[in-house]
Amino acid sequence: MTKSLKPGHEERRKKLFEIAEEFQRRTNKQAPEEGFRVVITGKGGVGKTTITAILARLLARDGYRVLAVDEDPQMNLAHALGVSKEIRDKIVPLNRNLDYIEEKTGARPGTNWGLYFSLTPDVRDVVDRFGVVGPDGVMLLVMGSVVQAAAGCLCPENALLDAVVKYINLRKGEIILMDTQAGLEHFGRALARGFKQAIVLTEPTYNSVQVAVDAARLARQLGIKNVYLVINKVKKDYHVEKVEKILNELGFNDFTTKMVIPYDELVEEYDPEVEVILENPNSPTYRKALELKDILIRYSEPP
């Protein structure tokens, strides 16, 4: 039986949709984007946040302007990136304070919306209003988690994040990395539409591979051209063979490339922080992240 919404929840949901619609109305992209967008997905616990944080830091060190978007309700990406606790405690997730959104954009829907926003805002424009800047200059945008368990589906929150992310116009050298919630919700609502690359993480277990396959199929349906399978936390050589066997059983093996990341004690010991991994060139996670970073750059370039 579906729980009824508490007083005020329906009004809040309506407000979220109104703001999202206003962002969508003012999105004005007349020229193709020169930057690129990458969505990171997979079953819960496979290492999405860790990989997102490491890639964001590595790409930023290469001179890219990186916007890391935390769509996971756990909201651990700020911690993983190395944002200080003092700053983390001050982060205002997009779905937590609609008055904050209205204040930062300069108006309420139906009045002078967009007073301080340009019609084609870049990454910095959005982050200056909603986000924070972390180590290596990585910019972070936090969506937030469900405010009340009885609030129903996440449709309003999803609509808002979808509208804000699409509102950004990526210039040359700008990248969006989106760390998603576990499962397939973000694909089901087509949030990842417009992304050209997807990193699908899996552990060498049947359930994890099954979620990865479902995510990869949906990514293809959404027009994501390059889908990379990353088999994470591999302890034994036969684990890779096991994943291949499961892929064959599920009848799907359409990945642009595959990568294996061996089990890394540093990841488990320091989770969710990645600073120690970035400082340790012998870390298998660090070495493979470097390879994955180069793949993202290579496939982002025009043929």
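Residues numbered from 1 in each chain as written. Predicted model: local features only at pLDDT ≥ 70, side-chain atom pairs only at ≥ 80, totals over all residues. Heavy atoms only, no water.

1. What about the sheet that holds strand 4 (residues 139-142)?
We apply this condition: DSSP calls a pair of strands paired once it identifies at least 2 bridges connecting them. Where helices and strands are cited, they refer to DSSP runs of H or I of at least four residues and of E of at least two residues respectively, numbered from the N terminus. Only heavy atoms enter the contact rule, under which two residues are in contact if any of them lie within 4.5 Å. Axis lines are fitted to C-alpha atoms, over the contacting stretch for helices. Their N-to-C directions set the angle, which ranges from 0 to 180 degrees.
Pairing is mixed in the open sheet, where 8 strands are placed in the order 3-4-2-5-1-6-7-8. Two strands lie at the open edges of the sheet, namely strand 3 (132-133) and strand 8 (257-262), each paired on one side alone. Pairing geometry for strand 2 (residues 65-70) and strand 4, over 4 bridges, is parallel. Across the sheet, residue V69 finds its bridge partner in strand 4, namely L141. Contacts between helix 9 (residues 206-221) and the sheet are confined to strand 1 (36-42), strand 6 (197-202) and strand 7 (226-234), with strand 6 contributing the most and set at about 170° to the helix. In the packing of helix 13 (residues 284-300) onto the sheet, the strands contacted are strand 1, strand 6, strand 7 and strand 8, and the crossing angle to strand 8 comes to about 165°.

2. Side note on the packing of aromatic side chains
Our working rule: Geometry of aromatic contacts follows a simple scheme: Phe, Tyr and Trp rings, the Trp one being its six-membered ring, pair when their centres are within 6.5 Å, and the pair is stacked under 30 degrees between planes, edge-to-face over 60, tilted otherwise. Exposed residues in this analysis have more than 50% of their type's maximum accessible area, buried residues have under 20%, and partly exposed residues fall in between, with area computed by a 1.4 Å probe over protein chains only.
Counted according to the given criterion, the structure contains 2 aromatic pairs. For the pair Y228 and Y299, a centre-to-centre distance of 5.8 Å together with 45° between the ring planes defines the contact as tilted. One end of the pair, Y228, is in strand 7; the other, Y299, is in helix 13, with 71 residues separating them in the sequence. We classify Y299 as partly exposed; its relative accessible area is 31%. Relative to F255, the ring of F252 lies with its centre 5.4 Å away and its plane at 85°, an arrangement referred to as edge-to-face. Of the two residues examined, F252 and F255, each falls in the buried class.

3. A few points about the pattern of salt bridges
Convention followed: Should a side-chain nitrogen of Lys or Arg be within 4 Å of a carboxyl oxygen of Asp or Glu, the pair is scored as a salt bridge.
According to the stated counting rule, one finds 18 salt bridges in the structure shown. With a shortest N-O distance of 2.4 Å, R57 and D136 are connected by a salt bridge. One end of the pair, R57, is in helix 2 (residues 48-61); the other, D136, is in the loop between strand 3 and strand 4, with 79 residues separating them in the sequence. Residue D136 is classed as partly exposed on the basis of its relative accessible area of 36%. Across the pair E86 and K90 runs a salt bridge, and its minimum N-O distance is 3.9 Å. Considered together, E86 and K90 belong to a single accessibility category, that of exposed residues.

4. Side note on helix 6 (residues 123-130)
Which entries qualify depends on this criterion: Polar contacts here mean pairs of N or O atoms no more than 3.5 Å apart (in protein, one a potential hydrogen donor and the other a potential acceptor; neighbouring residues in sequence count only if both atoms are side-chain atoms).
Within helix 6, 6 of the 8 residues are buried, which leaves it mostly tucked inside the rest of the structure. For helix 6, the N-terminal capping position is held by D122, with its side-chain oxygen 3.2 Å away from the main-chain nitrogen of R124.

5. Here's the deal with the layout of surface pockets
Here the idea is plain: a probe the size of a water molecule rolls over the atoms and shows the empty space left. Put simply, the rule reads: A cavity here means a set of points on a 1 Å grid, drawn over the protein atoms and nothing else, where a 1.4 Å probe fits but cannot get out; a pocket is an open set with protein on both sides within 12 Å along at least five of seven lines, and a residue lines either one if it has an atom within 4 Å of a point. Grid points are joined across faces, edges and corners, and a volume is the space filled by probe spheres set on the points.
Looking at the second largest pocket, its volume works out to about 450 Å³. Within the residue set of the lining of the second largest pocket, elements represented by two or more residues are helix 2, strand 7, strand 8 and helix 11 (265-270). Take the lining of the second largest pocket: its biggest share by element is 4 residues, from helix 2.

6. Details of the nonpolar core
To keep it simple, the criterion reads: Here, nonpolar core refers to any group of buried Ala, Val, Leu, Ile, Met, Phe, Trp, Tyr and Cys residues whose side-chain atoms link them within 4.5 Å.
Core analysis: the largest hydrophobic core is formed by 49 residues, its most contacted members being F23, L67 and L94. In terms of residue count, the dominant contributor to this core is helix 7 (residues 155-167) (7 residues). Residues I40, A68, V132 and Y286 belong to the second largest nonpolar core, which totals 42 residues.

7. Points about the packing of helix 2 against helix 13
Heads up, the condition is: Oblique is the label for every angle not falling under 35 degrees (roughly parallel), over 145 degrees (roughly antiparallel), or within 65 to 115 degrees (roughly perpendicular). Helix crossings fall into two classes, left-handed where the near helix is turned counterclockwise from the far one by less than a right angle and right-handed where it is turned clockwise. Residues are grouped as follows: Ala, Val, Leu, Ile, Met, Phe, Trp, Tyr, Cys and Pro are nonpolar; Asp, Glu, Lys and Arg are charged; all remaining types, including Gly, are polar.
Axis separation between helix 2 and helix 13 bottoms out at 10 Å; the angle between their running directions is 65°. The angle between the axes of helix 2 and helix 13 places the two elements in the roughly perpendicular class. Viewed along their axes, helix 2 and helix 13 form a crossing whose handedness is right-handed. For the pair formed by helix 2 and helix 13, the contact residues are I51, I54, L55, L58 and L59 on the first element and T285, Y286, A289, L290, L292, K293, L296 and I297 on the second. The residue inventory of the contact of helix 2 with helix 13, partitioned by class, reads 11 nonpolar, 1 polar and 1 charged.

8. Quick word on helix 9
Going by this rule: Each residue after the first adds 1.5 Å to the expected span of a helix.
For helix 9, spanning 16 residues, the distance from its first C-alpha to its last is 23 Å, which sits close to the expected 22 Å at 1.5 Å a residue. Among the residues of helix 9, S208, V209, V211, A212, V213, A215, A216 and A219 are the ones counted as buried. Phi turns positive one or two residues past the end of helix 9, at G223, with a value near 85°.

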